[in-house]
Each structure stands twice: as C-alpha cells, then as structure tokens.
Amino acid sequence: MKIATAVSAGLFALGLAGSAAAQDYPTRNITLIVPFAAGGPTDVISRIVGEHMARTLGQTILIENVVGAGGTTASTRAARAANDGYTLITGHMGTHAASVGLYPNLAYNPSTDFEPIGVAAGTPIVILGRKDLPPKDLKEFIAYLKANEAKLNQAHAGIASVSHTTCVLLNSIIGIKPVAVPFNGTGPAMNALIGGQVDYMCDQIVNTTQQIQGGLIKGYAIATAARNPALPDLPTTKEAGLPEYEVSAWNALFAPKGTPKPVLDKLVAALDKALDDESVRKRLLDLGSDIPGKDRRGPAPLAALVKSEVARWTPILKGAAN
Ligand code: ASP
C-alpha cells in the first residue's frame with residue numbers, strides 16, 4: 001500500500017515536472033536531423049528556417065546530417081527519439097511518403113509515428129544534365145536518353161528520395177532504365193554532376209538554381225505548370241514537349257509522436273514566424289522554392305499532405321525496380 005502510494009505520488013510528480021518542462025521549453029539546444037548530406041536541398045532549407053526559428057525560440061538549433069537509405073535511416077532514428085521537442089527532423093516527400101511504397105519493412109509510419117509541425121518549403125523538380133551533355137533542349141534530351149540508355153548514369157539520393165522517385169517517373173514516361181547511381185544526398189550528387197561523373201538527375205529546385213545560373217550544369221525543364229521566377233529562362237515541361245511530367249516535392253518539419261502540445265505549439269509558431277520573415281522568404285524564393293501560404297502551414301495541412309502523398313506515390317512506385 002505504502003509502495004503503491006509512493007509510486008503514484010512519484011508518477012504525479014513526474015507528470016507535473018513533464019508539463020512544467022513543456023511550458024519552459026526550450027531550455028537547451030535543439031537537434032534538427034537532416035536525413036541527407038550537407039549542401040543539398042533538405043540541408044539548405046533546414047538551415048534557412050532553423051536559423052530563424054532558433055532566434056524565436058532563444059536556443060541554438062543544431063543541424064545533424066544523418067545519411068543513408070534515402071533518408072529512412074534518419075527518419076527511423078527521429079521516430080524513436082525522445083518526444084520532448086529536443087530532437088526534430090526535416091522530412092520530405094521521399095522520407096515521409098514515397099518510402100512507404102518502396103521499403104516493405106519500413107520501421108516507421110510517416111502518418112502515425114510523428115507529430116507534423118509544418119511544411120517549410122515546396123520545391124519544384126528540375127530536369128538536369130551535366131554541362132557537356134550534347135542535347136540542347138528537352139526534346140533532344142529525351143531522344144538522347146532513348147538512344148544511349150545503356151551507357152547513361154543517373155544520380156539520385158537513395159531509394160525513395162525525391163531525386164530517385166521523380167526520375168523513376170521521368171524514366172518510365174520516356175521508357176528507359178538507366179544505371180542509377182546513389183549518393184547520400186543531392187549535395188554530393190550535384191558535385192558529381194558538375195564534375196561530369198554522372199549524366200543526369202532530377203532534383204528539387206533549391207539545389208539547382210545557382211548551378212544553372214552559373215552554367216555549371218544544364219537545366220532542361222522545370223516540371224511545374226508555370227515558369228519559376230528564380231529561373232525565368234527555364235521552360236516548363238509542358239512548353240518543352242513533355243506535359244505529362246509535372247511533379248513537385250516539399251520539405252517539412254516533424255517531431256516524434258507524443259511530443260507535448262505546448263512544445264509543438266511553440267515549434268509551429270516559430271516556423272510560421274520564420275516563413276513570414278522577409279529575409280527568410282527572400283532566401284527561399286531566390287532558390288526557387290515555393291513558400292506555403294497561411295492555409296498550407298502548420299500540423300493539419302501537413303498531416304493531410306503526408307496522407308495524400310503516400311496515396312499518390314505508392315501505386316506509382318510499387319514494383320518500380322529502378
Ligand atoms: N533532394 C534530395 C532528394 O533527392 C535529398 C537532399 O536534400 O539532399 O531526396
């Protein structure tokens with residue numbers, strides 16, 4: 001009896017301590033896991049919004065790049081991390097949607113093992129080639145891929161990554177199966193494209209704008225309905241003759257399931273504030289990303305997005321051997 005009383009009093013005290021900790025949050029550094037290598041879109045977006053969120057929250061946000069298996073290694077780790085708001089992850093269309101259709105033993109459920117915080121940026125997909133790839137436009141590029149399928153190397157950031165899935169889609173529309181070369185993120189994949197070690201790639205615009213502007217790689221088309229102000233000379237896939245290829249991705253912040261509501265509220269508000277900040281907006285827009293409007297921010301729209309993206313990608317990717 002005495003023991004039971006002591007235990008329940010202890011639990012009660014623990015509960016109070018937990019809610020006090022949630023109210024005071026954050027009192028120490030926060031780790032934001034980036035599931036890909038430094039320098040790629042997920043890393044860049046995390047650093048831009050993370051820097052501003054850290055100022056709002058009054059604590060440092062440490063970026064930890066945890067690579068492997070198309071971002072699913074890091075996402076597994078984040079799903080299992082303490083749900084106290086001190087470990088977060090920037091997921092994306094790959095880790096939190098496409099992974100479901102491509103990893104039969106995925107160790108987490110993107111919909112039920114995380115608390116969605118909000119979308120940080122939408123990222124149109126751009127079709128890219130190495131600088132000295134012969135084709136001058138998308139039509140020539142498609143003909144070139146068909147004619148040289150056996151000797152082409154296509155870079156991606158691991159199975160289920162955005163660069164993987166969006167090129168699976170492109171390759172299936174064109175009807176080819178090139179050799180796919182995996183990297184730990186499209187930061188390193190971009191270096192290989194610039195160096196000419198791989199031939200082409202599909203990637204989130206954030207990683208491609210400066211490289212196209214600087215003439216380091218070729219941009220063949222942007223897979224959105226309209227041109228992007230960051231790359232006004234780049235034709236849309238529709239203009240360039242491949243209207244059936246229209247695809248965009250996104251990056252978003254998640255916390256482990258069960259993170260206390262007062263903690264989540266602070267994170268949601270900090271992200272919202274970052275996305276309203278003029279210098280954050282300019283940095284994201286200059287890289288070509290699409291900043292979610294108020295109606296697309298926060299947990300509910302992100303939860304709905306994850307659900308609809310899992311439903312969209314699973315049938316496309318099931319059985320895709322690439
Ligand atoms: N853009 C990458 C992808 O293809 C990942 C990264 O952000 O490096 O999923």
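Residues numbered from 1 in each chain as written. Predicted model: local features only at pLDDT ≥ 70, side-chain atom pairs only at ≥ 80, totals over all residues. Heavy atoms only, no water.

Turning our attention to the overall build of the chain. Helix and strand counts for the chain stand at 11 helices and 9 strands. A compact globule built from 322 residues would reach a C-alpha radius of gyration of about 20 Å, and the chain, at 21 Å, matches this within 12%. Taking the principal axes of the C-alpha coordinates as reference, the chain spans close to 80 × 40 × 30 Å. Going through the 322 residues of the chain one by one, you find that 54% of them count as buried. Of all intrachain contacts in the chain linking residues separated by at least 6 positions in sequence, the fraction that spans at least 24 positions is 78%. (Helix = DSSP H or I, 4+ residues; strand = E, 2+ residues; numbered from the N terminus. Rg over C-alpha atoms; globule rule 2.2 N^0.38 Å. Buried < 20%, exposed > 50% of the residue type's maximum accessible area, 1.4 Å probe, protein only. Contact = heavy atoms within 4.5 Å.)

Within the structure, the ligand sits among 13 residues, and Thr 42, His 92, Val 162, Ser 163 and Gln 204 are positioned closest to it. Between Ser 163 and the ligand, the recorded distance is 2.5 Å, taken from a side-chain N or O atom to an oxygen atom. One of the side-chain nitrogen or oxygen atoms of Thr 186 is found 2.9 Å away from a nitrogen atom of the ligand. Burial of the ligand by the protein amounts to 100% of the accessible area it has alone, namely 270 Å². Where the shell around the ligand is concerned, the elements lending two or more residues are helix 2 (41-57), helix 6 (162-174) and strand 7 (200-204). Looking at the shell around the ligand residue by residue, the classes come out as 4 nonpolar, 8 polar and 1 charged. (Near = heavy atom within 4 Å. Polar contact = N/O pair within 3.5 Å; in protein donor to acceptor, adjacent residues only side chain to side chain. Areas by Shrake-Rupley, 256 points an atom, 1.4 Å probe, with all protein chains shown as cover. Nonpolar A, V, L, I, M, F, W, Y, C, P; charged D, E, K, R; others polar.)

Core analysis: the largest hydrophobic core is formed by 49 residues, its most contacted members being Ile 125, Leu 138, Phe 141, Leu 170, Tyr 200, Tyr 245 and Phe 254. With 6 residues, the top contributor of residues to this core is helix 6. Residue contacts for Phe 141: discarding those within four places in its chain leaves Ile 127, Leu 133, Pro 135, Leu 170, Tyr 200 and Tyr 220. Grouped together as the second largest cluster of nonpolar side chains are 46 residues, Ile 45, Val 206, Leu 253 and Leu 264 included. (Core = buried A, V, L, I, M, F, W, Y, C linked by side-chain atoms within 4.5 Å.)

With 16 residues, helix 9 (residues 261-276) should reach 22 Å at 1.5 Å per residue; the first-to-last C-alpha distance of 22 Å fits that figure. When helix 9 is considered as a whole, its buried residues turn out to be Val 263, Leu 264, Leu 267, Val 268, Ala 270, Leu 271, Ala 274 and Leu 275. Buried residues of helix 9, seen end-on, are gathered within an arc of 165° and therefore sit on one face of the element. (Expected span 1.5 Å × (residues − 1). Arc of directions from axis to C-beta.)

With that settled, the discussion passes to the environment of Arg 55. Relative to the elements of secondary structure, Arg 55 occurs in helix 2. Expressed as a C-alpha distance, the spacing of Arg 55 and Met 201, which sit 146 residues apart in the sequence, is 36 Å.

Here the focus is the packing of aromatic side chains. Taken as a whole, this structure holds 5 aromatic pairs when the rule is applied. Ring plane angle 65° and centroid distance 5.1 Å describe the contact between Tyr 25 and Tyr 86, whose orientation is recorded as edge-to-face. Here Tyr 25 is found in the loop between helix 1 (2-24) and strand 1 (30-34), whereas its partner Tyr 86 is found in the loop between helix 3 (72-80) and strand 3 (87-92), with 61 residues between them in sequence. Residue Tyr 25 is classed as buried on the basis of its relative accessible area, which comes to 2%. Given a relative accessible area of 9%, Tyr 86 falls into the buried group. Arranged with centres 5.8 Å apart and planes meeting at 90°, the rings of Tyr 108 and Phe 114 form a pair that is edge-to-face. (Phe/Tyr/Trp six-rings, centres within 6.5 Å; stacked < 30°, edge-to-face > 60°.)

Before going further, it helps to spend a moment on the side chain of Glu 309. Inspection of the secondary structure puts Glu 309 in helix 11 (residues 299-317). The exposure class of Glu 309 is buried, given its relative accessible area of 6%. Within the structure, Glu 309 has its side chain in polar contact with the side chain of Arg 312 (distance 2.7 Å). Setting aside its immediate chain neighbours within four residues, Glu 309 contacts Met 93, Ala 97 and Trp 250.

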